[in-house]
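Topology and contacts: notes
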Amino acid sequence: TGMSISTSLFNERYSIARERRENNLWGNVELQFDTVSGGVASLNAKKPLTTTLDDRPWGKKLDGHLIVLGLAFLEGHEMTVDIDNDKIWFD
(Lines give C-alpha, C1' and ligand atoms only; values in the text may rest on other atoms or scores of the structure.)
Protein backbone atom coordinates (compact mmCIF):
# COMPACT_ATOMS: atom_id res chain seq x y z
CA THR A 1 0.00 0.00 0.00
CA GLY A 2 1.06 3.59 -0.30
CA MET A 3 -0.60 6.93 0.16
CA SER A 4 -3.43 9.07 -1.17
CA ILE A 5 -2.87 12.79 -1.22
CA SER A 6 -4.77 15.93 -2.11
CA THR A 7 -4.67 16.83 -5.79
CA SER A 8 -3.07 20.19 -5.01
CA LEU A 9 -0.18 18.53 -3.16
CA PHE A 10 0.30 16.03 -6.00
CA ASN A 11 0.39 18.85 -8.57
CA GLU A 12 2.81 20.88 -6.45
CA ARG A 13 5.20 17.93 -6.11
CA TYR A 14 4.89 17.13 -9.82
CA SER A 15 5.90 20.69 -10.75
CA ILE A 16 8.93 20.58 -8.45
CA ALA A 17 10.03 17.21 -9.82
CA ARG A 18 9.76 18.45 -13.42
CA GLU A 19 11.79 21.57 -12.65
CA ARG A 20 14.52 19.45 -11.06
CA ARG A 21 14.29 16.80 -13.79
CA GLU A 22 13.84 14.07 -11.19
CA ASN A 23 13.31 10.51 -12.39
CA ASN A 24 10.94 9.56 -9.60
CA LEU A 25 8.06 11.60 -8.24
CA TRP A 26 7.89 9.79 -4.89
CA GLY A 27 11.20 8.14 -3.99
CA ASN A 28 11.69 7.92 -0.25
CA VAL A 29 8.81 9.60 1.56
CA GLU A 30 9.21 10.57 5.21
CA LEU A 31 6.55 12.21 7.36
CA GLN A 32 7.37 13.64 10.77
CA PHE A 33 5.01 14.32 13.64
CA ASP A 34 5.60 16.30 16.82
CA THR A 35 5.04 14.25 19.96
CA VAL A 36 3.48 15.31 23.24
CA SER A 37 6.84 14.84 24.96
CA GLY A 38 8.48 17.32 22.58
CA GLY A 39 10.14 14.72 20.36
CA VAL A 40 9.53 13.81 16.75
CA ALA A 41 8.08 10.56 15.41
CA SER A 42 8.71 9.72 11.77
CA LEU A 43 7.18 7.24 9.35
CA ASN A 44 8.66 6.48 5.95
CA ALA A 45 8.17 4.36 2.87
CA LYS A 46 10.22 3.74 -0.27
CA LYS A 47 8.47 4.56 -3.53
CA PRO A 48 4.91 4.31 -2.16
CA LEU A 49 2.09 3.83 -4.63
CA THR A 50 0.52 7.29 -4.71
CA THR A 51 -2.97 8.29 -5.82
CA THR A 52 -4.82 11.60 -5.63
CA LEU A 53 -8.05 12.47 -3.88
CA ASP A 54 -10.57 14.28 -6.06
CA ASP A 55 -12.28 16.39 -3.42
CA ARG A 56 -11.39 17.87 -0.06
CA PRO A 57 -13.39 15.80 2.41
CA TRP A 58 -13.28 18.71 4.87
CA GLY A 59 -14.75 21.20 2.39
CA LYS A 60 -13.26 24.62 1.76
CA LYS A 61 -13.06 25.61 5.44
CA LEU A 62 -9.38 24.69 5.76
CA ASP A 63 -6.62 25.44 3.29
CA GLY A 64 -4.34 22.44 3.64
CA HIS A 65 -3.29 19.09 2.30
CA LEU A 66 -4.56 15.65 3.20
CA ILE A 67 -2.24 12.65 3.20
CA VAL A 68 -3.70 9.19 3.83
CA LEU A 69 -0.97 6.71 4.74
CA GLY A 70 -1.12 3.01 3.95
CA LEU A 71 0.55 0.02 5.54
CA ALA A 72 3.83 0.68 3.71
CA PHE A 73 4.50 3.45 6.22
CA LEU A 74 3.95 1.15 9.21
CA GLU A 75 6.49 -1.49 8.22
CA GLY A 76 8.71 -2.10 11.23
CA HIS A 77 6.38 -0.12 13.54
CA GLU A 78 3.57 -0.97 15.88
CA MET A 79 0.60 1.39 16.03
CA THR A 80 -1.71 1.80 19.03
CA VAL A 81 -4.84 3.95 18.94
CA ASP A 82 -6.48 5.16 22.16
CA ILE A 83 -9.93 6.33 21.07
CA ASP A 84 -10.97 7.29 24.60
CA ASN A 85 -8.14 9.81 24.98
CA ASP A 86 -7.70 10.76 21.29
CA LYS A 87 -4.09 9.55 21.14
CA ILE A 88 -2.01 7.46 18.77
CA TRP A 89 1.38 5.81 19.40
CA PHE A 90 3.98 4.43 17.03
CA ASP A 91 6.62 2.06 18.42
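Attention here is on the structure that accompanies the text. (Residues numbered from 1 in each chain as written. Predicted model: local features only at pLDDT ≥ 70, side-chain atom pairs only at ≥ 80, totals over all residues. Heavy atoms only, no water.)

**As for the packing of aromatic side chains**
Where we set the bar: Ring pairs shown here join Phe, Tyr and Trp side chains whose ring centres sit within 6.5 Å, with only the six-membered ring taken for Trp; geometry is labelled stacked below 30 degrees between planes, edge-to-face above 60, and tilted in between. Comment: elements are numbered from the N terminus, with helices defined as DSSP H or I runs of at least four residues and strands as E runs of at least two. Note on geometry: a ring has a charge over it if NZ (lysine) or CZ (arginine) is within 6 Å of the ring centre and within 35 degrees of the ring normal.
This structure, assessed with the given rule, holds one aromatic pair. Summarising the aromatic geometry, the rings of Phe 10 and Trp 26 are spaced 6.4 Å apart at their centres and angled 40° between planes, so their arrangement reads as tilted. In this pair, Phe 10 sits in helix 1 (residues 7-20) while Trp 26 sits in the loop between helix 1 and strand 2 (28-34), placing the two residues 16 residues apart along the sequence. Sitting over the face of the ring of Trp 26, Arg 13 holds its NZ or CZ atom 6.0 Å from the ring centroid.

**Things to note about the environment of Thr 50**
Worth spelling out the cut-off: Residue contacts follow a heavy-atom distance rule, with two residues in contact if any of their heavy atoms lie within 4.5 Å. For the purposes of these results, a polar contact is taken to be a pair of N or O atoms within 3.5 Å, where, inside protein, one atom must be able to donate a hydrogen and its partner to accept one; residues adjacent in sequence count only when each atom of the pair is a side-chain atom.
Position of Thr 50 relative to the elements: it lies in strand 4 (residues 50-53). In this structure, the C-alpha to C-alpha distance between Thr 50 and Leu 69, residues 19 residues apart in sequence, is 9.6 Å. Not counting residues up to four positions away in its chain, the partners in contact with Thr 50 are Met 3, Ile 5, Phe 10 and Trp 26. Only 3.0 Å separates the side chain of Thr 50 from the backbone oxygen of Pro 48, close enough to count as a polar contact.

So far we have only geometry, and geometry alone does not tell us how the molecule works.
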